[in-house]
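Listed below are the residues making up each chain.
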Amino acid sequence: MTSTIQHAQAAEIAVVAPLDKVLSYAIPAALAGVVHIGSRVRVPLGRRQVVGYVMGWIEPGDAKLKDILEVIDPHPLFHARHADFYLRAARYYVYPPGEAVRTALPAGLSALDSKPVVLRDKLYRPTTCEEQPQGARQREVLDFIRAANQVSLSQLRQQFATPHTVLQRLLELGLLHVEEIERCRDPFAEMAVAVHHPVDLNPAQQQAVTQIEGALESASFRPFLLHGVTGSGKTEVYLRAIARVLEQGRQALMLVPEIALTPQLVTRFRSWFQNHEVRLAVLHSGLSDGERYDAWRQVARGDVDVVIGARSAVFAPLPDLGLIVVDEEHDGSYKQSEGFRYNARDLALMRGQMDEAVVVLGSATPVLTTYQRALEGHLTYLQLPERTSERTMPQVHLVDLAQHEGESLLSEPLQTALSEALKAGEQTLLLLNRRGYAPFLLCHDCGASIRCPNCDITLTYSQVQRSLRCHYCDFHQSPPNNCERCSGVRLLPEGMGTERLEEEIRQTFPDARVERMDRDTTSRKGAHHRLIEQMMSGAIDVLIGTQMIAKGHDFPAVTLVGVLNADTALNLPDFRSAERVFSLLSQVAGRAGRGDRPGRVMIQTYAADNYALDYVARHDYQGFAELELSQRQALAYPPFGYLVHLVLSGNDERKVNNAAEQICANLEPGAVDVEILGPAPCLLPRLRNKHRVQILLKAKQRDPLRRKIEQLSRFRAKLPAGVVLTVDVDPVDMF
Ligand code: ADP
Ligand code: ZN
C-alpha cells in the first residue's frame, strides 16, 4: 500500500470529538508499518480513549507526543486522497474533522469496540475428476456446481434444502474443492431485475453523450449540467457516460436522492450493468451496519466499478474515480440537515475537482444556483428539451379554489377529470404534501388547538393510528376527548392530510383501487417498493401521496396528476419558496403522460395568479429562472450572495440570548463585506424543548464570509454550558 511511509514517526489524526483540528500522535515502534492513512486507531485524549482516523504524516518535532495505542481494522478504510477530501469538506462546513470522517464512514465504526462482523462463506468448485457419484441428490448438486463452475454455500442453501451432508460426501469422493471466502451481503439480491431494452439515442441525447465522453477523454475536472425535461431520457445518458468511464478502467459514482424512493432507477442500473458484468455496489440508509461495512471495504479495495448511493455515498472511497453523476440534483435530500450539514451535490463538485473527474448534475428543474453557474460558464450546459419517442408534455390546468368554495377536497374539475381517468382505466396520482388526517385538532368552543409540549407547533392528527404526533420531536399522545383549556367536547380535525383525502376518495369512488404513499405507509421495509410494483402492474387506480410520489417515478399508465394544495409552500417565509413550489409541481406534473397516452395535470390553488404556478403551467423553466434570478440579484441572495445560518439553542432562554448577542458583537468588527442579521428568534423558536435563536450572515463574496466563519470555532469553545452553536454553511432550510 503506497500510503504507508515506513519511516513516519508521527501521524495526524482526526479524533472523534468536537475539536476543530486534527491532532498529532506518535507511532510507537510496535506499530511501525501497520499504521496507514485511512487506518482507524485508538488514541488517548485527556483521560479518555477515543477513536481516530489517520489523515496524514507529520514530522514529530520536539514536542512530546502521545502514542497511538492500537490499530483497529486490519486494512485502511480510505486512501490519502479521500483523507484530503474529507478534511476539506469538514473545513468548508466548519465541522470538527473527526466527526466529519465519522459521518462519512459507514455507521458503527466510531465506537472503540465495534468491529462489524465479517461473514464467512465457502466456495465450491468441481475438481478435474469427472466421475459421477452414486446418489441422486449428490449427482444433482454436483451437476449444479459443475454447470456454474463455482458456487458459494449460501447460494447452494437457497437452491437445495440441506446440502451439507451431500457436500461432505462429494468432498470425500474428491469431486469438489472448497475454499473459505468472505461473504458479502447483498440487500438487493432478491429484487426483481428488470429487462433492459436497448434504445437508440435521439439527437439531443447523443449530443450530450458526445460532450461528456469528450470530457472523459481529457481525464480532468469538467462539470456539466444536464438539463432535461421530465421523461427526456437522462438516465440513458448517465448509463452511456458510465459505460465509457468503465472502458477507461476507471470508476463511477452515481448519487440519487433516496434509494428507497428510487428503486426503479436502481433496478434499471442493475439490469444494464448485469448484462455488462459490471461490479456494482448499492449504498443506502436501509443497509445494516454490516452490509455497509462490507460494501465499503469492497469499494476501498477497488473491487467495485460503480457505486450507487444516496447523499453519504459522495464519500465512498473509490480509488480511481472518473465520473460522478448527481441525479435529480435539485432534490432537498442531498443536504444533510443535522450534524455535519454538507450538501452532497456541492461536495460532488469539490470531489470532482480533487479527483480530476467529470461531474454531471442532472435535473428537469435544476436549482437556480446550479443554473446560474451554468449560465456563467462554470458548468457546461447540456439540454434535452423534449420527451423521448414523440411524447408530449402534459397539459397543465390551474383550478382557482376561490371559484370552487364549498366543494369537497376535490374541486369539481378535478373530480370530473378523476372519474374520466377511472372510466378509461388510466392511473391517477394525487399530491397532498401533508401526511396524517389533519394538521391539527381545533376546539370549536374556545379556538385552542393541541400543541406539542416540546415544540412550538401543532400536533398532527392521525385517524389510522388514533394518535396526535409531533413531526419534529415525535412526541405523541392519544387524542383527548375534551379541550384542555375549556373542557369542550367539540375537538375537530382542521385542515387536510393524506389520510383524510384517502377517506374522501374511497367514499366518492367506492370501486376505485386507492392506495396512499407517505412516510406513515412506507415506514416498513419493502412497503414503498410494493406500492411501486402495484402501480406498475396496474393494481392501483389512484395513488395518493406526499412529495414522495413526485420523485422520479416512471409509471407509463398515469395520465392524470392532481395537486390538492399548491399554496401551503408558497406562503413560507423563505426566499426559496417560489423555487421550491416550481420544482415540486413541475416534477409531479412530469409523472403524467409518460406512456402512450397524453397526460394532464390539475393544480388546485388559492393563488392562481402566482407567477410560479403560471410558469409551471407553461413548462417554462427558463422564464421562471430569469424572473426569479433577477429578484435574487436585487436582494443579493444565492446565487448572487452567500449565506451562513447560525443557530444557538439551549434550555435556558436567557443564556441562549446572551450567547447570541455576544457572538454578534464579536463578529461585527471589521464585517464590512458581511451583513450580520439578527439575533432573532428562529422560525421554530422552541424545538424539542430547546430555545432557539438565529443569526444570518450574508455576503456578496465568499472570501470575507469565510474569514468571518473561521472565527466561529473559537466562539464555540467559549459558549456557556448548555448552549449549542450549530453552523449551517449554504443553508437550505432555515427553520
Ligand atoms: P428522465 O430521467 O429524463 O425523466 P428517463 O430516463 O426515465 O427520463 O426516460 C424516460 C423513458 O424514455 C424511459 O422509459 C426510457 O427507457 C425511455 N427512453 C430513454 N431514451 C430513449 C430513446 N432514445 N428512445 C426511446 N425511449 C427512450
Ligand atoms: Zn415536538
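Residues numbered from 1 in each chain as written. Chains lettered and ligands numbered in written order. Predicted model: local features only at pLDDT ≥ 70, side-chain atom pairs only at ≥ 80, totals over all residues. Heavy atoms only, no water.

Thoughts on the sheet that holds strand β4 (residues 48–58)
Next, step 1: Here we have five strands laid out as an open sheet, ordered β2-β1-β4-β3-β5, and antiparallel in their pairing. The open sheet terminates on both sides in strands that have one partner only, identified here as β2 (23–26) and β5 (70–71).
Next, step 2: Relative to β4, strand β1 (residues 10–15) runs antiparallel, the two sharing six bridges. Residue pairing across strands places alanine 10 opposite isoleucine 58, the latter belonging to β4.
Next, step 3: Sheet strands in contact with helix α2 (residues 97–104) are β1 and β4, and its direction is about 70 degrees off that of β1. (Pairing = 2+ DSSP bridges. Helix = DSSP H or I, 4+ residues; strand = E, 2+ residues; numbered from the N terminus. Contact = heavy atoms within 4.5 Å. Axes fitted to C-alpha atoms, helices over the stretch in contact; angles between N-to-C directions.)

What to know about the sheet that holds strand β19 (residues 460–462)
Next, step 1: Strands sit in the order β19-β20-β21 across an open sheet of three strands; the sheet is antiparallel. Each having just a single partner strand, β19 and β21 (476–477) make up the two edges of the open sheet.
Next, step 2: Sheet topology note: the strand β20 (residues 467–469)/β21 ladder contains two bridges and is antiparallel. When the sheet's bridge partners are listed, arginine 469 is paired in β21 with histidine 476.

Points about the packing of helix α1 (residues 80–92) against helix α10 (residues 344–355)
Two numbers describe a pair of packed helices, the interaxial angle and the distance between the axes.
Next, step 1: It is at 11 Å that the axes of α1 and α10 come closest, and there the two elements cross at 140 degrees. It follows that α1 is oblique to α10 by the angle criterion. Viewed along their axes, α1 and α10 form a crossing whose handedness is right-handed. The residues of α10 that touch α1, namely those facing Arg81, His82, Asp84, Phe85, Arg88, Ala89 and Tyr92, are Leu347, Met350, Arg351, Gln353, Met354 and Asp355.
Next, step 2: Counted by class, the contact of α1 with α10 contains six nonpolar, two polar and five charged residues. (Parallel < 35°, antiparallel > 145°, perpendicular 65-115°, else oblique. Left-handed = near helix turned anticlockwise from the far one by under 90°. Nonpolar A, V, L, I, M, F, W, Y, C, P; charged D, E, K, R; others polar.)

Focus: a nonpolar patch on the surface
Next, step 1: A cluster of nonpolar side chains, namely Tyr472, Leu572, Leu683 and Phe735, defines an oily patch on the protein surface of about 320 Å² accessible area.
Next, step 2: When you line up the elements, leucine 572 lands in the loop between β25 (558–563) and α15 (577–589).
Next, step 3: Note on leucine 572: relative accessible area 39%, which makes it partly exposed. (Patch = residues over 30% accessible without salt bridge, like charges linked within 9 Å, V, L, I, M, F, W, Y side chains within 5 Å. Areas by Shrake-Rupley, 256 points an atom, 1.4 Å probe, with all protein chains shown as cover. Salt bridge = Lys/Arg side-chain N within 4 Å of Asp/Glu carboxyl O. Buried < 20%, exposed > 50% of the residue type's maximum accessible area, 1.4 Å probe, protein only.)

Remarks on unusual backbone geometry
Apart from glycine, the bulk of residues carry a negative phi angle, and the bulk of peptide bonds sit in the trans form.
Next, step 1: Cis geometry marks the peptide bond from proline 638 to proline 639; its omega dihedral reads 5 degrees.
Next, step 2: Residues glycine 678 and proline 679 are joined by a peptide bond in cis, for which omega reads 5 degrees.
Next, step 3: Note on placement: proline 679 falls in strand β28 (residues 674–687).
Next, step 4: Phi is positive for glutamate 356, close to 50 degrees, though the residue is something other than glycine.
Next, step 5: Its location among the elements puts glutamate 356 in the loop between α10 and β14 (358–363).
Next, step 6: A relative accessible area of 46% means that glutamate 356 is categorised as partly exposed.
Next, step 7: Of note in this structure, arginine 688 is not a glycine but carries a positive phi near 50 degrees.
Next, step 8: Inspection of the secondary structure puts arginine 688 in the loop between β28 and β29 (690–699).
Next, step 9: Relative accessible area serves as the criterion here: at 43%, arginine 688 is assigned to the partly exposed category.

Observations regarding the domain arrangement of the protein
Interface size, as often reported, equals the accessible area lost upon joining of the parts.
Next, step 1: Per the domain assignment, the segments of the protein are domain 1 (10–104), domain 2 (120–182), domain 3 (203–389), domain 4 (391–435 + 497–630) and domain 5 (642–729).
Next, step 2: Taking only C-alpha atoms, the centre of domain 3 and the centre of domain 4 are 27 Å apart.
Next, step 3: Each partner contributes residues to the interface: domain 3 has 26 residues there, and domain 4 has 32 residues.
Next, step 4: Taking both partners together, domain 3 and domain 4 bury about 2200 Å²; carbon and sulfur atoms supply 55% of that area.
Next, step 5: At the junction of domain 3 with domain 4, the criterion picks out one salt bridge.
Next, step 6: Its salt-bridge partner being lysine 551, residue aspartate 331 comes within 3.0 Å of it at the nearest N-O pair.
Next, step 7: For the side of domain 3 that touches domain 4, the secondary structure elements donating two or more residues are α8 (263–275) and α11 (368–375).
Next, step 8: Broken down by element, the residue count for the side of domain 3 that touches domain 4 peaks at four residues, all from α11.
Next, step 9: Of the residues in the side of domain 3 that touches domain 4, the class split is 10 nonpolar, 11 polar and five charged. (Domains from an automatic or database assignment. Buried area = accessible area lost by both parts, 1.4 Å probe.)

What about the coordination of the zinc ion (ligand 2)?
Next, step 1: Here the zinc ion (ligand 2) is held by Cys452 (SG), Cys455 (SG), Cys470 (SG) and Cys473 (SG), and the distances to it run 2.3 to 2.4 Å.
Next, step 2: Coordination at the zinc ion (ligand 2) is tetrahedral, judged from the four donor atoms that bind it and the angles of 103 to 113 degrees they form at the metal.
Next, step 3: Counting the intervening residues between successive donors of the zinc ion (ligand 2) yields the motif C-x2-C-x14-C-x2-C. With cysteine 455 in the loop between β18 (440–443) and β19 and cysteine 470 in the loop between β20 and β21, the pair connects residues that are 15 residues apart, well separated along the chain. Both residues of the pair, cysteine 455 and cysteine 470, count as buried. (Donors = N, O, S within 2.8 Å, 3.2 Å for Na, K, Ca; no water. Tetrahedral: all angles 85-135°; square planar, octahedral: opposite > 155°, others 65-115°.)

Comments concerning the packing of aromatic side chains
Next, step 1: If you walk through the whole model with that rule in mind, you get 18 aromatic pairs.
Next, step 2: Residues phenylalanine 575 and tyrosine 637 carry aromatic rings whose centres are separated by 4.2 Å and whose planes lie at 5 degrees to one another, so their mutual orientation is stacked. Of this pair, phenylalanine 575 sits in the loop between β25 and α15 while tyrosine 637 sits in the loop between α17 (621–635) and β27 (642–650), and the two are 62 residues apart along the sequence.
Next, step 3: For phenylalanine 575, a relative accessible area of 17% puts it in the buried group.
Next, step 4: Centroid distance phenylalanine 582 to phenylalanine 624: 4.3 Å. Interplanar angle 0 degrees. Geometry classified as stacked. Highlighted residues: phenylalanine 582 in helix α15 and phenylalanine 624 in helix α17, separated in sequence by 42 residues. There is no split in this pair, since phenylalanine 582 and phenylalanine 624 are both buried.
Next, step 5: Pairwise contacts between aromatic rings join Phe78, Phe85, Tyr86, Tyr92, Tyr93, Tyr95, Phe315, Phe340 and Tyr342 into one cluster. (Phe/Tyr/Trp six-rings, centres within 6.5 Å; stacked < 30°, edge-to-face > 60°.)

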